[in-house]
Amino acid sequence: MTKLIETKDLCRSFGSDETLVVALDHVSVTIEEGEFTAIIGPSGSGKTTLLHLIGGLDEPSSGSVTLSGINIAKMPGRQVSDFRRDHIGFIFQAYNLIPVLSAEENIEYVMLLQGVSARERRRRVKEMLKITGLEGLGKRRPAQLSGGQQQRVAVARAMASSPDTILADEPTANLDSKTGISLLEVMRDLNQTRGMTFVFSTHDEKIMERATRLIHLHDGAIDKDERK
Amino acid sequence: MLIFKLAFRNILRQKRRSLLTGLSMTGGYVLFVISISMLEGSWGNAVDIFTLDHTGHIQIHKGNYVKRPKIYETIVDREEVEEALAGEARITGYAPRVYSPTLAYSGDKTSPAFLIGVDPVLETSVSRLLLKVSDGTYFDAAPNEDGYSQAMIGAGLASKLKLGLGDEIVLIAQGADGSIANDIFIISAIIGNKTSFDRFAVYLPLSAAQVFLSLGATVHEYAMLVSNRNHNEAIASDLQVLLPNLTVSPWQKVEESFYRTMQSDRQGNHFSMGIIVFLVFIGVLNTVLMSVLERTREFGVLRSIGCHPLGLVKLIFLETQMLTWLSLAVGGLIALPLVFWFAQYGILLPQPIDVGGVNFQHMKGEFSSLVFFMPMTFIVGAAALISLPPGIRAARILPRDALSSH
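Rules behind the numbers
- Residues numbered from 1 in each chain as written.
- Chains lettered and ligands numbered in written order.
- Predicted model: local features only at pLDDT ≥ 70, side-chain atom pairs only at ≥ 80, totals over all residues.
- Helix = DSSP H or I, 4+ residues; strand = E, 2+ residues; numbered from the N terminus.
- Rg over C-alpha atoms; globule rule 2.2 N^0.38 Å.
- Buried ≥ 20, exposed ≤ 12 C-beta atoms within 10 Å, placed from the backbone.
- Contact = placed C-beta atoms within 7 Å.
- Nonpolar A, V, L, I, M, F, W, Y, C, P; charged D, E, K, R; others polar.
- Domains from an automatic or database assignment.
- Pairing = 2+ DSSP bridges.
- Axes fitted to C-alpha atoms, helices over the stretch in contact; angles between N-to-C directions.
- Expected span 1.5 Å × (residues − 1).

### Notes on the overall build of chain A
- In terms of regular secondary structure, chain A is built from seven helices and ten strands.
- Relative to a compact globule of 228 residues, whose C-alpha radius of gyration would be 17 Å, chain A shows 17 Å and is just as compact.
- Along the first, second and third principal axes, the C-alpha set of chain A runs to 50 × 40 × 40 Å.
- Burial status across chain A gives 47% buried among its 228 residues.
- Pairs at least 24 residues apart make up 70% of the contacts formed inside chain A by residues separated by at least 6 positions.

Structure (structure tokens):
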């Protein structure tokens, strides 16, 4: 398998001197293409920080993050924006859809940033809605959708740009267990049928069961790394 | 298209706030337009008052006659001038004139006066001289049966010399050839009133004035009106090319001190209006800044899905511009009939203004593209400027911080 994500001695700390908080402490991990990886650990263990660093949303205090052979930790702002747009899809715990755009438009927006033609955008939006089981709901605004439906839109948005990796931060935390599992089934299906790499954080055991790899974080360091 | 939808819907998010902000811009625009209209209108009236009273929109002289008038500095080749004027379609009328200081006598009374020789027919197409006849009849070029030419005199001179219609007036002046000019003229009309600028003027028919001053067929000046007074400077430039040996001056040069006063007053008014608009836009800036603060998390999401910082600046710029243009559209609909009414009917003055014997009862506004587009440009520019600080603020938001905000 091809190495897709690699972190080396990744450190991230916040504050200074007496208020210094070490969120990540020399984390080195490699994730291969097509993996369905869960980062697990208690609150404050550094799961979100690790995802943010892998996704280029934050800069490490030291160490490196390499995606598809490119060190994004050293990238200037504009380039890292382009890299995120073209290579990474994000799913957030609070869905974070644009409230004034419909489901379709939320999915379409990222492709607009990529400069995809209007015709192709329409085709892909339709396809994403079908894959995520949201057919017929495309015209609805986020406020008119349930939490599960909103998170499906977020999955569709993350996939729409055809990224190499989808990073999901506690994607099921705001959902009931049935909806959470259903959403995870969608993600798993995309992983298996399309070979899309998923890295997600969770502390829900039922979700962990479906992951093919579990990276245990504790106090900012990898405690255990197990493949199923 | 999606970006426009996003910007438009963002405006509609806080409807009441957007409405209030829009109304403040609409109100600012309407006030700005009406102020400019009245300002331009009153200056336009002032310009019309003296250009249509006597000055005309353009004048032609020999050499530096405007600043240093000399009796012998005359236009000799009148055919060349009149040919050039007749060939310019934008000129609606022109009239030749001669001038000279003179002494006027009647019985044992004497007064300094100013002689103006005009073509009785052509002059009516350039000035309000005919309308300013307050008593008697407008003169004609032909002398009476006794061989005396007619004269029209200002009301001030008539009062000083105790002259009335049909009386004789004796004028003494220096002729262009150095001789002493003196002659008797019969008063056919009294012009204006005691406050008119020409209250001490003596108007003579051009031919009589030329003989009196030994000017031959030459004249000191051609005054003319053009169809659109705003184009007079361009027309003067065109005429100058055709008449290189003469001096063609727009009224702005002839009445230079008035023009400078008008320009500085305009600038002062524009500055005051600019301050008002600036104050309106402080409110707008506050609204846009609040909108940015409220959407911090959303900007973080946009940044995380690949939107460039400049993209956020553009989005906020677009939102501000949309709100501005909507406000301007509403403002335009309100201002258009108002300005039209001001231009057509104006404000009735409590006391009519007497200008050279002509009464003006209304203060009218101006209805022109400048009145609408100048404030519009100013407001759109101000909106563009004030959208930059919030835009830059949004662009500087770090995705990590934004995503953890509420």
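### So, the interface of chain B and chain A
- Every contact between the two is made by 18 residues of chain B and, on the other side, 21 residues of chain A.
- Listed by contribution, the elements that provide at least two residues to the side of chain B that touches chain A are helix H1 (2-13), helix H9 (296-304) and helix H13 (399-403) of chain B.
- The leading source of residues in the side of chain B that touches chain A is H1(B), at six residues.
- Broken down by class, the residue content of the side of chain B that touches chain A amounts to eight nonpolar, four polar and six charged.

### Examining the domain arrangement of chain B
- Under the domain assignment, chain B is made up of domain 1 (2-51 + 259-403) and domain 2 (63-245).
- Look at where the C-alpha atoms of domain 1 of chain B and domain 2 of chain B centre, and you get two points 49 Å apart.

### Quick look at the pairing of strand S7 (residues 180-191) of chain B
Residues and elements named next belong to chain B.
- Sheet topology places strand S4 (residues 133-136) next to S7; three bridges connect them, and they run antiparallel. What sits directly across from Asp 135, in S7, is Ile 190.
- Here strand S5 (residues 149-154) runs beside S7; their pairing, made up of six bridges, is parallel. Across the sheet, Met 152 pairs through a bridge with Ala 189, a residue of S7.
- When strand S6 (residues 168-174) meets S7, the two strands line up antiparallel, connected through seven bridges. Opposite Glu 168, over in S7, you have Ile 186 as the bridge partner.
- Remark: five residues form the turn of the hairpin made by S6 and S7, two consecutive strands paired antiparallel; Gly 178 in that turn has positive phi of roughly 95°.

### What about the sheet that holds strand S5 (residues 70-71) of chain A?
Residue and element names in this part refer to chain A.
- The four strands are arranged S2-S1-S4-S5 in an open sheet whose pairing can be described as antiparallel. Lying at the two open borders of the sheet, with one neighbouring strand each, are strand S2 (21-32) and S5.
- As defined by bridge partners, strand S1 (residues 3-14) adjoins S2 across eight bridges and the pair is classed as antiparallel. Each residue of the ladder has a partner; that of Phe 14, found in S2, is Val 21.
- Along the sheet, helix H1 (residues 47-54) contacts S1, S2 and strand S4 (62-67); its crossing angle with S1, the most-contacted strand, is approximately 125°.

### Quick notes on helix H8 (residues 256-294) of chain B
Residues and elements named next belong to chain B.
- Over its 39 residues, H8 runs 56 Å from end to end, which matches the ideal 57 Å to within 8%, given 1.5 Å per residue.
- For H8, the set of buried residues is Val 277, Val 280, Phe 281, Val 284, Leu 285, Thr 287, Val 288, Ser 291 and Val 292.
- Lining the buried residues of H8 we find helix H2 (15-55), helix H10 (309-344), helix H11 (369-386) and helix H12 (388-395).

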